[in-house]
Amino acid sequence: CGWAGNVVKFVMENEHLSFPDALKSVGRRYNIEVEEIEITPADRQAQQAREGLLIAARFVTDYFSNQLFFSDEGRSIGLSYFKERGFRDDIVRKFELGYAIESWDDLLTVAQTSGYNIDLLQQLGLVAEKDGRKFAFFRSRVQFPIHDANGKVVAFAGRTLSKDPKKPKYINSPETE
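This section reports on the structure supplied with the text.

Conventions we followed
Residues numbered from 1 in each chain as written. Predicted model: local features only at pLDDT ≥ 70, side-chain atom pairs only at ≥ 80, totals over all residues. Heavy atoms only, no water. Axes fitted to C-alpha atoms, helices over the stretch in contact; angles between N-to-C directions. Helix = DSSP H or I, 4+ residues; strand = E, 2+ residues; numbered from the N terminus. Parallel < 35°, antiparallel > 145°, perpendicular 65-115°, else oblique. Left-handed = near helix turned anticlockwise from the far one by under 90°. Contact = heavy atoms within 4.5 Å. Core = buried A, V, L, I, M, F, W, Y, C linked by side-chain atoms within 4.5 Å. Buried < 20%, exposed > 50% of the residue type's maximum accessible area, 1.4 Å probe, protein only. Patch = residues over 30% accessible without salt bridge, like charges linked within 9 Å, V, L, I, M, F, W, Y side chains within 5 Å. Areas by Shrake-Rupley, 256 points an atom, 1.4 Å probe, with all protein chains shown as cover. Salt bridge = Lys/Arg side-chain N within 4 Å of Asp/Glu carboxyl O. Pairing = 2+ DSSP bridges.

**Notes on unusual backbone geometry**
Now for step 1: Here the phi dihedral of E96 falls at roughly 60°; this positive angle occurs in a residue that is not glycine.
Now for step 2: Although it is not a glycine, D131 adopts a positive phi angle of roughly 55°.

Now the structure itself:
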């Protein structure tokens, strides 16, 4: 029949249960104790903070991708670089590659206009601050999002295409929660 999965998925499908409820159902049937852990307010707050960072990272991934395909700078510098390397558009989109334009503040402006908290972008290492002024950390670089095991974007790597020896060739966003 082509169906694949495990016993919990089977119970979820057949009994229309959520994962936790299906797990409890299987446990009851086979006398397996399923220990439930109550989430503390601190755990819930940490989980919400992490989810906020993931949402912000998704926004920035889409922003970099849009810059690559729809800005003049992104197409002429970033997309042409990927094309020279033999990347087809479908591959660039599949791996969510992007481009950070040269602007110091476009990312901040677009994020604020879209309702995103700049502090989250700063926690992700995508916004830096100097002398009380915030600015985009990645500028004029092709962008490579780093995904976790679940496919969520958790960090970024950027490569300059400049020949300037004073510019580091690669920079990465810092570790985050």
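So much for the structure itself; the text now carries on.
**Considerations on the packing of helix α3 (residues 41-70) against helix α6 (residues 106-113)**
The axes of two packed helices give the description: the angle between them and the distance between them.
Now for step 1: Between α3 and α6, whose axes approach to 11 Å, the crossing angle comes to 125°. When the axes of α3 and α6 are compared, the pair comes out oblique. For the element pair α3 and α6, the recorded crossing hand is right-handed. For the pair α3 and α6, contact is made by F59, V60, Y63 and Q67 and by D106, L107, V110 and A111, respectively.

**Some points on the nonpolar core**
Now for step 1: In terms of nonpolar packing, the biggest core is built from 31 residues, with V60, L121 and F156 touching the most fellow members.
Now for step 2: Looking at this core, the elements that each hand over two or more residues are α3, α4 (72-84), β1 (98-100), α6, α7 (118-123) and β5 (153-160).
Now for step 3: Sort the elements by how many residues they give to this core and α3 lands first, with nine residues.
Now for step 4: Contact partners of L121, with chain neighbours within four places excluded, come to A56, V60, L107, A111, L126 and V127.

**Concerning a nonpolar patch on the surface**
Now for step 1: Together, F19, L23, Y30, I32 and V34 make up an exposed nonpolar region whose accessible area comes to about 480 Å².
Now for step 2: Positionally, I32 belongs in the loop between α2 (19-29) and α3.
Now for step 3: The class for I32 is partly exposed, based on a relative accessible area of 49%.

**Considerations on the sheet that holds strand β4 (residues 141-147)**
Now for step 1: The strand order β1-β4-β5-β6 describes an open sheet built from four strands, whose pairing is antiparallel. Either end of the sheet is taken by a strand with one partner, and the two such strands are β1 and β6 (170-172). Looking at each pair of strands side by side, their axes are set apart by 35° on average, direction ignored.
Now for step 2: Looking at chain direction, β5 and β6 are connected through three bridges and run antiparallel. Counted as the bridge partner of R159 is Y170 from β6.
Now for step 3: The strands touched by α3 within the sheet are β1, β4 and β5, with β5 carrying the most contacts at an inclination of about 35°.
Now for step 4: The sheet strands contacting α4 are β1, β4 and β5, and the helix crosses β1 at an angle near 135°.

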